[in-house]
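So the chains spell out like this:
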There are 2 protein chains.
Amino acid sequence: MKQIEIKKDILSAHEMLAQENRELFERKGTFVLNLMSSPGAGKTTLLERTIELLKDTFSLAVIEGDIATSYDAERISSLGVKVVQINTGGACHLDSAMIKNALAEFSADRLDVLIIENVGNLVCPAEFNLGEDAKVMILSVTEGEDKPFKYPLMFRIARVLIINKVDLLPYIDCSTKRIIRDAISLNPDLKIFEMSCTKKIGLNLWKEWLKEEINKKKYKIIAR
Amino acid sequence: MKQIEIKKDILSAHEMLAQENRELFERKGTFVLNLMSSPGAGKTTLLERTIELLKDTFSLAVIEGDIATSYDAERISSLGVKVVQINTGGACHLDSAMIKNALAEFSADRLDVLIIENVGNLVCPAEFNLGEDAKVMILSVTEGEDKPFKYPLMFRIARVLIINKVDLLPYIDCSTKRIIRDAISLNPDLKIFEMSCTKKIGLNLWKEWLKEEINKKKYKIIAR
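Per chain, the residues get numbers from 1 upward, laid out in the order the sequence is written. Going through the entries in the order they are written, you letter the chains from A and number the ligands from 1. Local features in a predicted model are, by the rule used here, given only for residues with pLDDT of at least 70; side-chain atom pairs are given and counted only at 80 or more, and totals for whole chains, interfaces and linings are based on all residues. Each side-chain value is worked out from all heavy atoms of the structure, with water and hydrogens disregarded.

## Notes on the packing of aromatic side chains
All names here are of chain B. Under the pairing criterion, centres of Phe, Tyr and Trp rings, with the six-membered ring standing for Trp, must be within 6.5 Å; the plane angle then separates stacked pairs below 30 degrees from edge-to-face pairs above 60, leaving the rest tilted. Enumeration over the complete set of coordinates arrives at nine aromatic pairs over all chains. The interplanar angle of 70 degrees and the centroid separation of 6.2 Å between the aromatic rings of Phe-31 and Trp-209 together place this pair among those described as edge-to-face. Remark: Trp-209 occurs in helix α8 (residues 203–223) and Phe-31 occurs in strand β1 (residues 31–37); sequence separation between them is 178 residues. The rule is simple: take the accessible area with a 1.4 Å probe, protein chains only, and divide by the maximum for that residue type; under 20% is buried, over 50% is exposed, in between is partly exposed. Residue Phe-31 is classed as buried on the basis of its relative accessible area, which comes to 1%. Judged by its relative accessible area of 11%, Trp-209 is buried. Secondary structure elements follow DSSP: runs of H or I of four or more residues count as helices, runs of E of two or more count as strands, with numbering from the N terminus.

In structure tokens:
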């Protein structure tokens, strides 16, 4: 007789699927980013810039999450990158099941990098692991300096914080120093980049960090 | 024997409490706004400006919804207005039960206007009626012109759209014409105001609309 023990700390269905996604990405050596922010903080523009930075060196694909429309997927597709659009209907976040379904579209592809653009929402997406290597949070300076303590979970679970739209700092009242200080106090390991994706400011450090992370994951499977 | 018939179209618990709130506001003649937007679109600054516009003429109170912190409540309190802070913990929206609880704090007050500032989120708050007279959605131009079709529910259920931060239009790529056209196509009855709350631009039309609505509700109970 086979006995199945129910572990006390049982993984939820979502966490189990996230783990399956994670194992697939490990096997394939694919580095996976999960981009999260408020609506309009610049996720899609960051994605466009990131594709331009990486596409000559690495094989790339994108999963676009939106409640409705395929505007973002069209923007990305025009850059010659394979993109799968997930329309969540009403759902305010992506989850690991949606990602697992979308991954079927890439089953034949050898990918160095997969970038997932989550639904624009600073709250709910923070609660769902997708199987990614890095949760990247984008905060635009126009949203204000008080955001870290107002949305603490997002700042705690992020591995990277991108402070975007710094070109608008002369016209608004926002201290990036305070953002950085408060974000670090919530999450001392947070990697922070200050950028303007539309004006192409501050992209080099982001590119260097990405290249290092992508190669680390890639060489891990080659070394096996 | 008393028979209770379960109606087919039974109201959910949330909708029932929203109805109770609504009836209380009717009895008291209190005009109630529910302010909703992405994080950092300018809800609290709109609230500050609105209080300045109305407080000499009307009796006012505020309910502040935040996931964490009482930053906004402190900003409002400093204007001499009674404010109750709701910290939702993780919850990404306010609901009618939270409002009902908060209303106990105002039970002795005769209020012309109650302004509820919802959690910063363009998705989930749209699904919850609180018993308000008007759902007011704030969209800042820095969020981009593509938002109406990307977050259609919020634009459909709003009675008022405030397009905020118009002072930043010279520095960004955003067409308010497109926002207005798309928003109207989703919701032909939408009342739209273009403003900069920080620079105090476009506040007069908003003030006139508010005064008319507040007086309508107030005189309704006086006329009874």
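Okay, back to it.
## Here we look at the packing of helix α2 (residues 43–54) of chain B against α8 of chain B
When two helices pack together, their arrangement is captured by the angle between the axes and the distance separating the axes. All names here are of chain B. Geometry is summarised by axes, namely lines fitted to C-alpha atoms with helices restricted to the contacting stretch, and by angles between N-to-C directions that run from 0 to 180 degrees. Running from N to C, α2 and α8 point in directions that differ by 65 degrees, and their axes come no closer than 11 Å. Relative to α8, the crossing made by α2 is right-handed. For the pair α2 and α8, the contacting residues are Leu-46, Arg-49, Thr-50, Leu-53 and Leu-54 in the first and Leu-203, Trp-206, Lys-207, Leu-210, Lys-211 and Ile-214 in the second. Amino acid classes used here: Ala, Val, Leu, Ile, Met, Phe, Trp, Tyr, Cys and Pro are nonpolar; Asp, Glu, Lys and Arg are charged; the rest, including Gly, are polar. For the contact of α2 with α8, the per-class residue count stands at seven nonpolar, one polar and three charged. Put simply, a crossing is left-handed when the front helix is turned counterclockwise from the back one by less than a right angle, and right-handed when it is turned clockwise. It only takes one pair of heavy atoms within 4.5 Å for two residues to be counted as in contact.

## Let's talk about helix α4 (residues 96–103) of chain A
Residue and element names in this part refer to chain A. Turning to α4, its buried residues number three or more, namely Ser-96, Met-98, Ile-99, Ala-102 and Leu-103. The arc enclosing the buried residues of α4, seen along the axis, measures out at 155 degrees, which places them on a common side. Tucked into the core, α4 has its buried residues touching α1 (13–28), β2 (60–66), β3 (82–87) and β4 (113–117). You can read the cap of α4 off the contacts: a side-chain oxygen lies 3.0 Å from the backbone nitrogen of Ala-97, and it is on Asp-95. The arc under discussion is defined with respect to the helix axis, by the directions toward the C-beta atoms. Within 3.5 Å is the distance limit for a polar contact, defined as a pair of N or O atoms, with the added protein rule that one can donate a hydrogen and the other accept it, and that residues adjacent in sequence qualify only through two side-chain atoms.

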